[in-house]
Structure formats: C-alpha cells, structure tokens
Amino acid sequence: MKRKLAIVGASDFQNPLILKAKEMGVETHVFAWETGAAGEKTADYFYPISITEVDEITDACRRIGIDGICSIGTDLGNITVSEVASELGLIANSPECVHRSTNKALMRQTFAEHGDPSPLSIKVFHPEDVDGLELHFPLIVKPVDRSGSRCVSKVMSSYELKYAIERAIDISFEKAAVVEEFMEGREFSVEYISWKGEHTFLALTRKFTTGAPHFIETGHVEPAGVDDGLLCKIKQVVEHALDGLGVQYGASHSEIMIDEKGNIRIVEIGSRMGGDCIGSHLVPLSTGVDFMRAVIEIALGKKPDLRRDHEEACAMIRFAFSSKDVEVFNELKVNRPNYVIDYSFESDTNHAIVDSGSRYGYFILRAEHASELVPYYPTESLA
C-alpha cells in the first residue's frame, strides 16, 4: 500500500516537492487555497483549504490516514505542518521550535539567550513605541512574521522610521514589527538537514540583493566560494543556533552576514527549506544530494539518504528585474544552452517589483566550474 503524504501549499515553488513524492511512489494529498496553481493539477488529491486552516487540515489528514506531512520554502506552511504533526503524532519540529523560527522578535530573543551573534532588535506595535529611545541610524525595519523580503526597509531618519513601522505592521499577521541594528557585509544562506537533532551541512549559498532600501534577492549561487577556515566557523555558528531554536527534523535555511573582518552574524533562521529554488534546485544541482527526497523521507519517519548522485558542481538562479535579465537568458539559450536547467518568466511585467513575489521570473544554470557562470551572475545593489 502506498504511503500517504500531506503537502501544505500548491504553488510553483511547492510543485517540485509534489512531483518528487510521486516519483518516490508516495501518494500526495495537497492542501491550498484554490488559485489554479501547478500543484492543484499534479497532486494525486487536492483539497481547496487555505494553508492557515490548521484544524480543518488536521481533520482531513486524520480521515485520510496520512503517514507524514511537510512543506518547503514557506513560513506559513511550516507553522501548519508543525501543528498538524503535533496533533497527529507525526514527525516534524515542535510548534514551539517553529514559533521561535518564524517570529523574528522571538528568534532574536532566543539567539540572545543562547549567545548566538545577531543584531540588536526591538519589537514594536505602534510607531510611537520608538519615541524616547536612543536610536542610531541607519536601521532595518521588518514585519515580525513575514518572509520573502516583504516590507523590509532600511531607514535613515526618524521620519522614515515611523513610516516604515506603519507599513511593516500593516502586513504583519501579529500587527507588530521589529526595528533592528543595520549590518553591512556579504550575505549568505546556509542549508542544513536534521534528523533527531543531528545537523548535516549541505551547502553555503551566496546571496545577491538589490541593496537598500528593500534588499530583494536578485539571485543565489552555490557553492559560495569561501575558504575552509571561514566555512568551519559558519558551521559552528549555525549549528549552535539550530540547537538553541530546538530544530530536530527536516530542512533549515539560515541567513547570515559576514563583515570585512570576518565576523559572522545571523540575520534569521527558518526551520524549513529556503525558497527561491535554493533547496528544490540549487542544492541538488550543486551537491548531488536529493534534498527534497530527504525532506520527504524525514516526514515519513525515515532517516534521510544523503548520498551524492554526482560530483559537486556550480549552480545559480538569477531573477528577472528588467529586460536586461531576459536578454542575458536569451543569449545563454543560443550560446550556452547546456548551462540552462530551468526558467520561468511572466508575460505581465507592467508592475513594480516590491518584494520577492513580484519579480518577473527566473532562470537556473549549472556548470562544472564556478568560473563558467561568473559572467551570468545575478545583479547586485540595483537600488
């Protein structure tokens, strides 16, 4: 009898997880608000239930008799997975762990309690909450519980600060924001997989962004190309922080910043696979480890198989912000078609890009050597 896996979310970024489960012979039961997304069609069974309806999804999973539940690249889905798994006695991180790793204020508090390096931060519910505080600009303002660069702002003055707090609170589920110390340096993400509290490093990813004021990702490259000494320090910092958050199972995506002196500070950590095709595409392309298979195996209560099916390589994703990005891709299709792994572009580009969800598309490349992809690296600091 086929094992039954519940998957929370049906978007284009979730669809590879659905396809991987089906490839493994696992029966897929997918929950999401009905929008015509790819996963609605590829799932064995689709249920038009919002991913925030935890009780309804729990009841449905109980009736179905699922053997595991998972999601990738979404904080909201991660929360639902942990709650349903806790209720049904399935494998997942605890709701407490997921709360700590999806709420930025609680995450900062946890880092401070365990001595993990991260910026100073305060939680606010109203713009007036910063009145009378001694603040040193520039500062970063974020919603306390959103992802995807939504309403992230660098501010240079008290006037900008109040406006940024209002915007962040407006889209926050909790109606709260964090005001944080501004950090400078190179940005990276660190991809791990955990089984019973044992953390296995998979990849270090170099992040490229638009820079201030909103820091929207323009792309990612693996491997990041740092020396072994720095990589060792990064692993020590991240693994200690994963323990502090209580991460026991599944994928994690840690965002860090390294200054010119080599000091490492944690931007944030998600107890789930990174979005932007990092976990679903870049990790397997660059390392040979089937990351999604490992996530599914863990959800079904099995120690993950982390064997590599090919030699290490270089992989990258570049997002489309303008016609220039599309021109680069069209040139690649003609001159280096062997590099092109996947791509997707929107037909409607007549809108402003305000966060990662509003970018115009992407293309994914792979080559044996990093030097081959350098000419096509993502743009940085567009703003």
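Everything discussed here concerns the structure shown above.
Description of the structure in this document. Note that this is a predicted model, so its numbers are computed, not measured.

Overview of the overall build of the protein
Move 1: Scanning the protein from N- to C-terminus turns up 12 helices and 16 strands.
Move 2: For 383 residues, the compact-globule formula gives about 21 Å, and the C-alpha radius of gyration of the protein, at 20 Å, lands near that figure.
Move 3: Seen through its C-alpha atoms, the protein measures out along the principal axes to roughly 65 × 50 × 45 Å.
Move 4: Within the protein, counting contacts between residues at least 6 apart in sequence, those at least 24 apart form 64% of the total.
Move 5: A total of about 17,100 Å² of accessible surface is found on the protein, and carbon and sulfur atoms cover 49% of it.
Move 6: For the protein, the distance from the average position of its 39 positive side-chain charges to the average position of its 59 negative side-chain charges is 3 Å.

Some remarks on the state of the cysteines
Move 1: Scanning the entire structure with this criterion turns up zero disulfides.
Move 2: Residue cysteine 61 stays outside any disulfide, its sulfur separated by 11 Å from that of cysteine 70, the closest cysteine.

A short note on helix 1 (residues 15-23)
Move 1: For helix 1, the complete set of buried residues consists of Asn15, Pro16, Leu17, Ile18, Lys20 and Ala21.
Move 2: Each element contacted by the buried residues of helix 1 is listed here: strand 1 (4-8), strand 2 (27-31), helix 2 (38-42), strand 4 (68-70), helix 9 (278-287) and helix 10 (291-299).
Move 3: Glycine 25 sits one or two positions beyond helix 1 and adopts a positive phi of about 80°.

A few points about the packing of aromatic side chains
Move 1: All chains considered together, the criterion is met by 13 aromatic pairs.
Move 2: Ring plane angle 35° and centroid distance 6.4 Å describe the contact between phenylalanine 13 and tyrosine 362, whose orientation is recorded as tilted. With phenylalanine 13 in the loop between strand 1 and helix 1 and tyrosine 362 in strand 16 (residues 361-367), the pair connects residues that are 349 residues apart, well separated along the chain.
Move 3: Taking the relative accessible area as the measure of exposure, phenylalanine 13 reaches 35% and is therefore partly exposed.
Move 4: Overall, tyrosine 362 belongs to the buried group, its relative accessible area being 14%.
Move 5: Plain terms: the ring middles of phenylalanine 329 and phenylalanine 345 are 5.2 Å apart, the flat faces sit at 55° to each other, and that makes the pair tilted. Placement of the pair is phenylalanine 329 in helix 11 (residues 323-335) and phenylalanine 345 in strand 15 (residues 340-345), with a sequence separation of 16 residues.
Move 6: For phenylalanine 329, a relative accessible area of 2% corresponds to the buried category.
Move 7: Take phenylalanine 345: its relative accessible area is 28%, and that puts it in the partly exposed class.
Move 8: Taken together through their ring pairs, the aromatic side chains of Phe329, Tyr343, Phe345 and Phe363 make up a single cluster.

Looking at helix 4 (residues 75-88)
Move 1: Given a rise of 1.5 Å per residue, 14 residues ought to cover 20 Å, and the 20 Å separating the end C-alpha atoms of helix 4 matches this to within 8%.
Move 2: All of the buried residues along helix 4 are Asp75, Gly77, Asn78, Thr80, Val81, Ser82, Val84 and Ala85.
Move 3: Looking at the packing, one finds that the buried side of helix 4 touches strand 1, helix 3 (54-64), strand 4 and helix 5 (95-100).
Move 4: For helix 4, the side-chain oxygen to backbone nitrogen distance between the N-cap and leucine 76 is 3.4 Å, and the N-cap itself is threonine 74.
Move 5: Glycine 89, located one to two residues past helix 4, shows a positive phi value of around 70°.

Notes on unusual backbone geometry
Move 1: For the peptide bond that leads from phenylalanine 137 to proline 138, omega is 5°, which places it in the cis range.
Move 2: Residue placement: proline 138 occurs in the loop between strand 5 (121-124) and strand 6 (139-143).
Move 3: A cis amide bond links glutamate 222 with the next residue in sequence, proline 223, at an omega value of -10°.
Move 4: Assignment of secondary structure puts proline 223 in the loop between strand 11 (217-222) and helix 8 (228-245).
Move 5: Positive phi values are uncommon outside glycine, yet lysine 196 reaches one of about 55°.
Move 6: Secondary-structure assignment places lysine 196 in the loop between strand 9 (186-195) and strand 10 (198-209).
Move 7: By relative accessible area, lysine 196 is classed as exposed at 57%.

A look at the pattern of salt bridges
Side chains that differ in sign of charge can pair as their charged atoms come close.
Move 1: Using the criterion set out here, one finds 22 salt bridges in the structure.
Move 2: A salt bridge links arginine 272 to aspartate 75; the nearest nitrogen and oxygen atoms lie 2.9 Å apart. With a gap of 197 residues between them, arginine 272 in the loop between strand 13 (264-270) and helix 9 and aspartate 75 in helix 4 connect regions that are remote in the sequence. As far as the burial class goes, arginine 272 and aspartate 75 line up, both buried.
Move 3: We note a salt bridge from lysine 207 to glutamate 187, for which the minimum N-O separation is 3.8 Å. On the criterion of sequence distance, the pair formed by lysine 207 in strand 10 and glutamate 187 in strand 9 is long-range, its members being 20 residues apart.
Move 4: By relative accessible area, lysine 207 is classed as buried at 5%.
Move 5: Overall, glutamate 187 belongs to the buried group, its relative accessible area being 16%.
Move 6: Counted as one network, the salt bridges with shared partners bring together Lys104, Arg108, Lys142, Glu180 and Glu268.

Structural notes on the pairing of strand 1
Move 1: Burial analysis of strand 1 places four of its five residues in the buried class, the great majority of the element.
Move 2: In this sheet, strand 2 lies alongside strand 1 in parallel orientation, the contact comprising five bridges. Its bridge partner lying in strand 2, isoleucine 7 is registered against valine 30.
Move 3: For the handedness criterion, the β-α-β arrangement of strand 1, helix 1 and strand 2 is classed as right-handed.

Let's talk about the sheet that holds strand 4
Move 1: Strands sit in the order 3-2-1-4 across an open sheet of four strands; the sheet is parallel. Every interior strand has two partners, whereas the edge strands, strand 3 (45-47) and strand 4, have only one. Taking each pair of neighbouring strands and ignoring which way they run, the sheet shows an average axis angle of 20°.
Move 2: Pairing of strand 2 with strand 3, which is carried by three bridges, proceeds in the parallel orientation.

Scoring rules and cut-offs
Numbers given to residues run from 1 along each chain, matching the order in which its sequence is written. Whole-chain, interface and lining totals are the exception, using all residues; otherwise, since this is a predicted model, local features are given only for residues with pLDDT of at least 70 and side-chain atom pairs are given and counted only at 80 or more. Side-chain numbers here rest on the full set of heavy atoms in the structure, without hydrogens or water. Secondary structure elements are defined from DSSP: runs of H or I of at least 4 residues count as helices, runs of E of at least 2 residues count as strands, and each element is numbered from the N terminus. Radius of gyration means the value over C-alpha atoms here, while the globule rule gives 2.2 Å times the residue count to the 0.38 power. Contact criterion: two residues are considered in contact whenever any of their non-hydrogen atoms come within 4.5 Å of each other. Computed by Shrake-Rupley with a 1.4 Å probe, the accessible areas treat only the displayed protein chains as cover when residues are assessed. Charge counting treats Lys and Arg as positive and Asp and Glu as negative, with His and both chain ends excluded. Where a charge lies is defined by one atom per residue type, namely NZ (Lys), CZ (Arg), CG (Asp) and CD (Glu). Disulfides are defined as pairs of cysteine sulfur atoms found within 2.5 Å of each other. Buried means the residue's accessible area, taken with a 1.4 Å probe over protein chains only, is under 20% of the maximum for its type, while exposed means over 50%, and partly exposed covers the values in between. Aromatic rings from Phe, Tyr and Trp, with only the six-membered ring used for Trp, were paired whenever their centres fell within 6.5 Å, and each pair was classed as stacked if the ring planes differed by under 30 degrees, edge-to-face if by over 60, and tilted otherwise. Helix span, expected: 1.5 Å multiplied by one less than the number of residues in the helix. Pairs of N or O atoms within 3.5 Å make up the polar contacts considered here, provided that, within protein, one atom can donate a hydrogen while the other can accept it, and that residues adjacent in sequence are counted only when both atoms are side-chain atoms. One side-chain nitrogen of Lys or Arg within 4 Å of one carboxyl oxygen of Asp or Glu is enough to make a salt bridge. Two strands pair if DSSP finds at least two bridges between them. With strands facing away from the observer, any crossover in which the path from the first strand over the helix to the second runs clockwise is taken as right-handed. In this analysis, axes come from line fits to C-alpha atoms, helices being fitted only over the stretch in contact, and the angle between any two N-to-C directions falls in the range 0 to 180 degrees.

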